[in-house]
Structure formats: C-alpha cells, structure tokens
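# Inside the fold
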Amino acid sequence: MLDIYAGENALKTIQEHGFKQELFTNFLGASGGPKWFSLFGLDKYLFGDFFKGRSQTLNLVGSSAGAFRAACFAQHDPVTAITRLATQYAHTQYSEKPTIKEISLSAVDMLEQIFSTHGIDEIINNPTFKAHFIVAKSKGLTSSENKLTQGVGLLGSMLLNKVSRKLLSLQYERYIYRPSSSQVNIVDPYSIPSQYVDFTKENISDALLASGSIPMVMAGIKNINGSPAGMYRDGGIIDYHFDFAIETGNGAENNDHIDAENEVMDKNSKVPNLTLYPHFSPIPKAGWFDKNSKRQVLSQHYSNTVLLVPSPKFIASLPYEKIPDRNDFKDLPTETRIKYWLKVLSESDRLAEQLHQLITKEDISTIKPFK
C-alpha cells in the first residue's frame, strides 16, 4: 500500500541508523490541490506520533497545498489543524460556474479554518517546526489580472520553460516566507532568484493565500506586507514538486555535493541532514509547466530524501481508482465528490498503519532506491 523511496545517502543512513525521526531536518509538501488527500493519514501519524515531542528544528517547506499543510504542522496541535483543513477542503462547494472571486473567497474561508484562534502566533513563534511558504512573484504579462493578458503570459512561460527552466526567471521570482529564526537557504541550479521575507502578523495570511493562488483560477495577491510591490501567485508555478537543494545554514545541503561515502551531518547537532517527503507521485516534477513534460528532476537533489508514496495497488483500491484532483469539481456531482473525498481521507489511514509497522518492526528491507 505504501511505497518508500530513498536517495543514495538517505538509504545508507537509514540502513545504518534505522527509520528514526531525528534523522530528518527537513520536510517537503508539494503542490497538487486535493491530491494531498491521499497523504492525510500519513500527515496525522507523522505529526501526531512520529515527530511528537521533538525538540530539534524541522524545516517545513511547502508550496500551494504543501504550504497550507506546513501552516497546520507548525501549530501546537498539528493533527487538529490538519483535520480542520481536510474537512473544510473536502466539503468545499462552488456554484455551477464559479467565478475567480468565488473561488478566491472560498480560499480565504479555508485560511480562517487553518489558523483558527491562535494559529498565526503559533506558526510565527514555533521554536521547532518552522513553516516556509513558497510563493511566485509574477512579472510582465503574468502579473495581469486580465484573463487574456495573463493567458498570453502563461503561454510564454510554457514556451520559455520548454527551452530551459532557467528562462522562468524572466517572468518569476521565488519568495520564501518564513520565521525570522529560519536558517533555510534554497540552492537552485536553474538560477531562479530566491528572496526571503520574515513572517509577521501582517503578511502571513497573504503569503499563505498567495502560495495557493492558482493562475487563471484565483486572484493573485498584490503588494504583500513587507515585500516589494507586485503580484504574487501560486508557488507551484516555480516549485510544483521541487528541484532544488536545501541548505540549512551550517554548510550541509540536501544533495550529494558532499561525499556520498560520508554521512551528511548537521555540524551543530551531529545528526544526518535528511528530508522526509510524503508525496502522491514517485516521479516528482520540478515546476507547474513540467507536469506533462519528460524533464526529470536532478537526482542529486533527492540523494538525502525519503519519499513516502501511495502505491499503485492502494490507488487502485480507491473509488474511481485514482486519487482526488481539482477536475473532480467539474466531473462529479457535489455530493458524490464529497463522499469520494471523505472516503479517500479515511482510507489514507492504511498508509500510516503500514509506515508505523515498518518503523516499529525496524523492517527497512522494502525501501526502494530513488532513481
């Protein structure tokens, strides 16, 4: 039911130390909307059990839906927060032909559910679980709210990306909103500029909303507090499933630039510097414009990463033999879709049960190398 893939260094580290929470210093959450529902059980287990009581910093790096999840994990009661998000998202209803305004307002309501009463303060001040929201600052035609103009800009993005991912820097900049105490640095071989902005009570809501503001579907967020003037959109445009290294301020990176024969160690805490990545696909795609391309992520960026992925067998056992996606809003009647999504949320607990068994039995023989 659960497939586990580990990069070269990650696999060696787990074979030596076992599957232990202290091995991980980073946690990734991808874009993909309701595809995340297949990971809900894993999220509850990881932050309700596996990482419970942790004191070592865990950097939560997410774009779009992954950023929304990170906002839940950085609260004092992450299981309750992620359950609020899942419940609100699963029961989302739109009119027959929803407008951009309607969808955008629904996202604002979702934020209120995520943050609840004290969530913003808890996220900003969490000393252990440090949320990072990736946002794409749009330039040129892609910054327009006019659908035709924006559409032409996005077509240009697609063509630029087809030539070279590096060319996306002509239209976008990566903004990472994070706690002031964060030491995370994104190392991007494609030279897409990365800017860092500290969380404040005045910008955290807009930053999270921007991270999930899908082009042509939702309104972008203009002029986020503490950030340069401009239009901010879905972080998945640049970082859909991620193709970069994570540097943690101590010289250790989440790639294999360090000798693969040595453990990748955090020089301060003396623990391996691995990344845990629950993901709905065993084949990550770098950016939004790579979804249907043959471009592969650079394997060195996953050398220290462990992916937890629903297996084809598990997916085949779900209603419609697939995981949820945004097309369900138009392809299924509302009541049918809600029932289906709730079923997937429930069934995802089976993946958590399997991971728990693997950890408690210390059986890592089924972990596969990431290729």
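Worth saying up front: this structure is predicted, and the values here are computed from it rather than measured. (Residues numbered from 1 in each chain as written. Predicted model: local features only at pLDDT ≥ 70, side-chain atom pairs only at ≥ 80, totals over all residues. Heavy atoms only, no water.)

Below, the discussion takes up unusual backbone geometry. Its identity as a non-glycine residue notwithstanding, Ser-191 has a phi of 60°, on the positive side. Within the fold, Ser-191 resides in the loop between strand 6 (185-187) and strand 7 (194-198). For Met-216, which is not a glycine, the phi torsion comes out positive at approximately 70°. For Met-216, the position within the fold is in the loop between helix 8 (204-211) and strand 8 (221-222). Met-216 gets classed as partly exposed once you look at its relative accessible area, which sits at 28%. (Helix = DSSP H or I, 4+ residues; strand = E, 2+ residues; numbered from the N terminus. Buried < 20%, exposed > 50% of the residue type's maximum accessible area, 1.4 Å probe, protein only.)

Let us now look at the environment of Ala-207. Within the secondary structure, Ala-207 sits in helix 8. For Ala-207, a relative accessible area of 0% gives the class buried. Spatially, the C-alpha atom of Ala-207 lies 28 Å from that of Ser-164, the residues being 43 residues apart in sequence. Excluding its chain neighbours within four sequence positions, the residues that come into contact with Ala-207 are Phe-133, Val-135, Tyr-177 and Ile-224. (Contact = heavy atoms within 4.5 Å.)

Moving on, we come to the pairing of strand 2 (residues 24-29). Across the 6 residues that make up strand 2, a large majority, 6, are buried. Here strand 2 runs beside strand 11 (residues 274-278); their pairing, made up of 3 bridges, is parallel. Across the sheet, residue Phe-24 finds its bridge partner in strand 11, namely Leu-274. Taken together, the 4 bridges between strand 2 and strand 3 (residues 58-63) define a ladder with parallel strand orientation. Its bridge partner being in strand 3, Leu-28 is matched across the sheet by Val-61. (Pairing = 2+ DSSP bridges.)

Attention shifts here to the side chain of Asp-3. By secondary structure assignment, the location of Asp-3 is in strand 1 (residues 2-6). Within the local environment of Asp-3, its side chain forms a polar contact with the side chain of Lys-368, the two groups lying 3.4 Å apart. The residues touching Asp-3, leaving out its near neighbours within four places in the chain, are Leu-307, Leu-308, Val-309, Ser-311, Pro-312 and Lys-368. (Polar contact = N/O pair within 3.5 Å; in protein donor to acceptor, adjacent residues only side chain to side chain.)

With that out of the way, let us pick up the confidence of the model for the chain. Of the residues in the chain, 94% have a pLDDT of 70 or more, and the chain-wide mean is 93. Note on residues 251-269: pLDDT under 50 across the span, and 54 contacts to partners over four residues away in sequence or across chains. (pLDDT = per-residue confidence, 0-100.)

Here the structure, examined in full by the defined rule, presents 25 aromatic pairs. A ring pair is formed by Phe-19 and Phe-24, whose centres lie 5.6 Å apart and whose planes are at 50°; its orientation type is tilted. No difference in accessibility class separates Phe-19 from Phe-24, as the two residues are buried. Centre to centre, the rings of Tyr-175 and Tyr-232 are 5.4 Å apart; their planes meet at 90°, and the pair counts as edge-to-face. Here the residue Tyr-175 occupies a position in strand 5 (residues 172-178), and Tyr-232 occupies one in strand 9 (residues 231-234), the gap between them amounting to 57 residues. Taken individually, Tyr-175 and Tyr-232 each receive the classification buried, so the pair is uniform in this respect. Ring-pair connections join several aromatic residues into one group, and the members of that group are Phe-19, Phe-24, Phe-27, Phe-47, Phe-50, Phe-51, Phe-73 and Phe-129. (Phe/Tyr/Trp six-rings, centres within 6.5 Å; stacked < 30°, edge-to-face > 60°.)

This paragraph deals with the nonpolar core. Within the largest apolar cluster, 82 residues are counted, with the highest numbers of intra-cluster contacts made by Phe-19 and Phe-133. The next biggest cluster of nonpolar side chains, apart from the first, holds 18 residues, and it includes Val-61, Phe-244, Ile-246 and Val-309. (Core = buried A, V, L, I, M, F, W, Y, C linked by side-chain atoms within 4.5 Å.)

Our next topic: the packing of helix 3 (residues 65-73) against helix 5 (residues 100-115). Closest axis-to-axis distance for the helix 3/helix 5 pair is 9 Å, and the angle between their directions is 25°. As summarised for this structure, helix 3 and helix 5 are arranged roughly parallel, according to the angle between their axes. Between helix 3, through Phe-68, Ala-71 and Cys-72, and helix 5, the contact on the second element is made entirely by Met-110, Leu-111 and Ile-114. Looking at side-chain class alone, the contact of helix 3 with helix 5 contains 6 nonpolar, no polar and no charged residues. (Axes fitted to C-alpha atoms, helices over the stretch in contact; angles between N-to-C directions. Parallel < 35°, antiparallel > 145°, perpendicular 65-115°, else oblique. Nonpolar A, V, L, I, M, F, W, Y, C, P; charged D, E, K, R; others polar.)

For helix 3, the tally of buried residues reaches 9 of 9 residues, placing the bulk of the element in the interior. Burial in helix 3 covers these residues: Ala-65, Gly-66, Ala-67, Phe-68, Arg-69, Ala-70, Ala-71, Cys-72 and Phe-73.

This part takes up helix 1 (residues 8-17). Residues lying three or four places apart along an α-helix face the same way, a consequence of the helix completing one turn every 3.6 residues. Listing the buried residues of helix 1 in full gives Asn-9, Ala-10, Leu-11, Thr-13 and Ile-14. At its buried positions, helix 1 is contacted by strand 1, strand 11, strand 12 (305-310) and strand 13 (368-369). Positive backbone phi, approximately 90°, marks Gly-18, located one or two places after helix 1.

Another point: the pairing of strand 11. Side-chain direction in a regular strand flips from residue to residue, so the side chains alternate between the two faces of the sheet. For strand 11, the buried fraction is high: 5 of the 5 residues fall into the buried class. The alternating pattern of strand 11 places Leu-274, Leu-276 and Pro-278 and Thr-275 and Tyr-277 on opposite faces, both of which are buried.

We now examine the pattern of salt bridges. One side chain can pair with another of opposite charge once the charged atoms of both are near each other. Evaluation of the coordinates by the stated rule reveals 15 salt bridges. Between Asp-325 and Lys-322 there is a salt bridge; the shortest N-O distance is 3.3 Å. Classification of Asp-325 by relative accessible area gives buried; the value is 18%. In this structure, Arg-350 and Glu-347 form a salt bridge, with 2.9 Å as the shortest nitrogen-oxygen distance. A relative accessible area of 24% means that Arg-350 is categorised as partly exposed. (Salt bridge = Lys/Arg side-chain N within 4 Å of Asp/Glu carboxyl O.)

Another aspect to go through is the environment of Glu-16. If you trace the backbone, Glu-16 turns up in helix 1. Judged by relative accessible area, Glu-16 falls into the exposed class, the value being 57%.

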